[in-house]
Amino acid sequence: MQHFDFVIVGAGSAGCVLAHRLSENGKYTVLLLEAGGTDKRFWIQVPIGYGKTYYQKAVNWMYMAEADEGTNNRQSYWPRGKVLGGSSSINAMVYIRGHQADFDGWEAAGNPGWAYKDVLPYFKKSECNQLGEDGFRGGQGPMYVADVSQDLHPLCRNFIQAGRQLGLNENTNFNGEEQEGIGLYQTTTRQGIRQSSSKAFLHPALKRNNLHLITQAHANKILCIGKKAVGVQYQNKGVTHDVFANKEVILCGGAINSPQLLQLSGIGPAPLLKEQEIELIQDSPAVGQHLQDHLGMDYLYSCKEPTLNDELHSWQGKLKAGIKYVLTRRGPLSLSINQGGGFIKTSPELKQP
């Protein structure tokens, strides 16, 4: 039997950070299990490549939600990273922390330590911002946050100008004192390369002897003695393995896979587990509940200004962009297509956008 101090399930946005932090002092042995494989893929490392990985089964769970009455019985497509770095390896790289009032609301709901003033030091500790350190930005952390204002598509400037004409405030830092307004995004990229959680936190930490990583390791059960989690059962290349934790089992499978694994292990709503003939370990009615959709609605327009699709449609355009990227690590391949946006109140009496 294999024993580690900590067993982490999921090498995604959270799992890579925890593997880095828990192995940092050298006192503990840490095992990190990841159902997917390596992130050393061209279209993961090149920022604009998420247009490819968005529908790529090799690195993406590619979930489809059940039909929803609220959207006229449509099914929603939910891409989720199945690779080192998790969804941070296939997302659009926009660096947004969340609104201060959300964190303060969590503390007010009975969660000490979750107020914005409490979490801000950890955001800063994690971040190395290209624009330097200040009251809200970090300057020494492992995760690089880039200012891409010099490489923006012209339509972004038009977008911001239109917002100003509508009376909206321009915001130069969505992660600063106030989030409301329109402006340019910063991205988790560095010199034209994606800065995923695995790139920033995991790969440097893998040099430590006390951190162990197993890929293609699909966890299917939390091992319990009574109501205490003591290990994880996982499959690798068709073989089932059990590993045990001296201190903690930590689930970092994300909003879908963590509650799924809890339910498969007998931790969840008792009626559901009984229906699925899963032995009940702990009746926890909230496991697998209360997820809120993040809906996206697209508006499509014809533009007088050439779009990225126009620029990259022909083989000559692809070649030009490719040469520029290889020589300078700049140009359309080095960017997210989400370069500008905003957070706007839908009604003036609201306290936050």
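What counts as what
- Residues numbered from 1 in each chain as written.
- Predicted model: local features only at pLDDT ≥ 70, side-chain atom pairs only at ≥ 80, totals over all residues.
- Heavy atoms only, no water.
- Helix = DSSP H or I, 4+ residues; strand = E, 2+ residues; numbered from the N terminus.
- Buried < 20%, exposed > 50% of the residue type's maximum accessible area, 1.4 Å probe, protein only.
- Contact = heavy atoms within 4.5 Å.
- Pairing = 2+ DSSP bridges.
- Axes fitted to C-alpha atoms, helices over the stretch in contact; angles between N-to-C directions.

**Comments concerning the overall build of the chain**
Counting secondary structure elements, the chain contains 11 helices and 17 strands. When the backbone C-alpha atoms are referred to their principal axes, the chain occupies close to 65 × 50 × 45 Å. Across the 353 residues that make up the chain, the buried fraction comes to 41%. For the chain, contacts bridging at least 24 residues in sequence account for 56% of all contacts bridging at least 6.

**Regarding the sheet that holds strand 12 (residues 218–225)**
Spatially, 6 strands are ordered 11-2-1-14-13-12 in an open sheet, and the strand pairing comes out mixed. Both edges of this open sheet fall to strand 11 (211–214) and strand 12, since each of them pairs with a single strand only. Neighbour-to-neighbour, the strand axes of this sheet turn through a mean angle of 40°, independent of strand direction. Relative to strand 14 (residues 239–251), strand 13 (residues 228–236) runs antiparallel, the two sharing 6 bridges. Along strand 14, the bridge assignment pairs Asn 236 with Val 239. Its contacts with the sheet place helix 8 (residues 254–264) against strand 1 (2–9), strand 12 and strand 14, and it is angled at close to 50° to strand 12.

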